[in-house]
Amino acid sequence: MPDTKSLAYLSKIKVLQLERDRGEWEGLAPDARREKESSLQMLGQLGHFHNIMSNETIGTLAFLTSEIKGIFVHPFLAERIISMLNYFLQHLVGPKMGALKVKDFSEFDFKPQQLVSDICTIYLNLGYVVNNSLWNYEINCNKKALSIILLVPYPLEKKYSGT
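Criteria and cut-off values
- Residues numbered from 1 in each chain as written.
- Predicted model: local features only at pLDDT ≥ 70, side-chain atom pairs only at ≥ 80, totals over all residues.
- Heavy atoms only, no water.
- Helix = DSSP H or I, 4+ residues; strand = E, 2+ residues; numbered from the N terminus.
- Buried < 20%, exposed > 50% of the residue type's maximum accessible area, 1.4 Å probe, protein only.
- Contact = heavy atoms within 4.5 Å.
- Areas by Shrake-Rupley, 256 points an atom, 1.4 Å probe, with all protein chains shown as cover.
- Expected span 1.5 Å × (residues − 1).
- Salt bridge = Lys/Arg side-chain N within 4 Å of Asp/Glu carboxyl O.
- Core = buried A, V, L, I, M, F, W, Y, C linked by side-chain atoms within 4.5 Å.
- Patch = residues over 30% accessible without salt bridge, like charges linked within 9 Å, V, L, I, M, F, W, Y side chains within 5 Å.
- Phe/Tyr/Trp six-rings, centres within 6.5 Å; stacked < 30°, edge-to-face > 60°.
- pLDDT = per-residue confidence, 0-100.
- Axes fitted to C-alpha atoms, helices over the stretch in contact; angles between N-to-C directions.
- Left-handed = near helix turned anticlockwise from the far one by under 90°.
- Nonpolar A, V, L, I, M, F, W, Y, C, P; charged D, E, K, R; others polar.

Caption draft 1: View of the overall build of the chain. Secondary structure assignment for the chain yields seven helices and zero strands. Starting at the N terminus and walking to the C terminus, you meet the elements of the chain as α-α-α-α-α-α-α. Going through the 163 residues of the chain one by one, you find that 39% of them count as buried. Contacts in the chain between residues far apart in sequence, at least 24 positions, make up 81% of those at least 6 positions apart. About 9,600 Å² of surface is accessible on the chain, with carbon and sulfur atoms providing 59% of the total.

Quick look at the structure:
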């Protein structure tokens, strides 16, 4: 599952990038500036690692839920999975999505379009659980997710079929 750390790192990276780009670091003492640069580099490395893990985990979960539904539709597990997916979807396409907009997504292996696509694939794979009101989201968030899915350059069914 994507973790909250990856989202937190991206938010912190964005703040530091904005400070640097606005020239706020120029007036700092050399030690303070080096500390900011070091923090940005460290957060970038941590964010990169956590994003790789998030991409792989959510992609694997999308694949697993397409093949094995029984375990994932158990009420306790399904509620937890859907709640977590809702949390991430809200951050990826909801009002807080701007906080994750770093300068270069690829530098941190951040793939929001693919994450949204995979999350929606999981929702579809767990269809009747989602339809039983576990996916209670604002319609604007759902519309935004749909618009992002439409930007993904390949059909979902080909991604997991091995073709």
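This is not the end of the story, as more comes after the structure.
Caption draft 2: Examining helix α1 (residues 4-21) more closely. The first and last C-alpha atoms of α1 sit 26 Å apart over 18 residues, in line with the 26 Å expected at 1.5 Å per residue. The complete set of buried residues in α1 reads Ser6, Leu7, Tyr9, Leu10, Ile13, Leu16, Gln17 and Glu19. Against α2 (30-67) and α3 (75-93) lie the buried residues of α1. Looking at the residues trailing α1, positive phi occurs at glycine 23, about 85 degrees.

Caption draft 3: View of the pattern of salt bridges. Inspection of the entire model under this criterion finds seven salt bridges. Among the salt bridges present, the one from arginine 20 reaches aspartate 21, with a minimum N-O distance of 3.6 Å. With relative accessibility at 33%, the residue arginine 20 sits in the partly exposed group. The exposure class assigned to aspartate 21 is partly exposed, which follows from its relative accessible area of 42%. Between arginine 22 and glutamate 24 there is a salt bridge whose closest N-O contact spans 2.9 Å. Residue class for arginine 22 comes out exposed when judged on its relative accessible area of 56%.

Caption draft 4: Structural detail: the nonpolar core. Within the largest apolar cluster, 31 residues are counted, with the highest numbers of intra-cluster contacts made by Leu85, Leu92, Ile119, Ile122, Tyr123 and Leu126. Contributing elements (two or more residues each) for this core: α1, α2, α3 and α4 (112-125). By residue number, the principal contributor to this core is α3, which donates seven residues.

Caption draft 5: Expanded view of a nonpolar patch on the surface. Taken together, the side chains of Phe63, Leu64, Ile68 and Ile71 define a hydrophobic patch exposed on the protein surface, amounting to about 330 Å² of accessible area. Tracing the backbone through its elements, the reader meets isoleucine 71 in the loop between α2 and α3.

Caption draft 6: Structural detail: the packing of aromatic side chains. The full count for this structure, using the stated rule, is two aromatic pairs. Consider the rings of phenylalanine 105 and phenylalanine 110, whose centres lie 5.0 Å apart with planes at 75 degrees: the pair is edge-to-face. When its relative accessible area of 28% is taken as the criterion, phenylalanine 105 is described as partly exposed. The buried category is assigned to phenylalanine 110, whose relative accessible area is 6%.

Caption draft 7: How the structure looks around the confidence of the model for the chain. Overall, the prediction assigns the chain a mean pLDDT of 80, with 76% of residues at 70 or greater. Of all the helices and strands in the chain, helix α7 (residues 156-159) carries the lowest mean pLDDT, 46, while α2 carries the highest, 93.

Caption draft 8: Region of the structure containing unusual backbone geometry. Even without being glycine, aspartate 109 reaches a positive phi, approximately 50 degrees. Relative to the helices and strands, aspartate 109 resides in the loop between α3 and α4.

Caption draft 9: Structural detail: the environment of glutamine 45. Locating glutamine 45 in the fold gives a position in helix α2. With 63 residues separating them along the chain, glutamine 45 and phenylalanine 108 place their C-alpha atoms 7.4 Å apart.

Caption draft 10: Up close: the packing of α3 against α4. The geometry of α3 relative to α4 is characterised by a closest axis approach of 10 Å and an angle of 150 degrees between their N-to-C directions. When the axes of α3 and α4 are compared, the crossing they make is left-handed. Only Pro112, Leu115, Val116, Ile119, Ile122 and Tyr123 of α4 make contact with α3, whose side of the interface consists of Ile82, Leu85, Asn86, Phe88, Leu89, Leu92 and Val93. Residues of the contact of α3 with α4, tallied by class, amount to 12 nonpolar, one polar and no charged.

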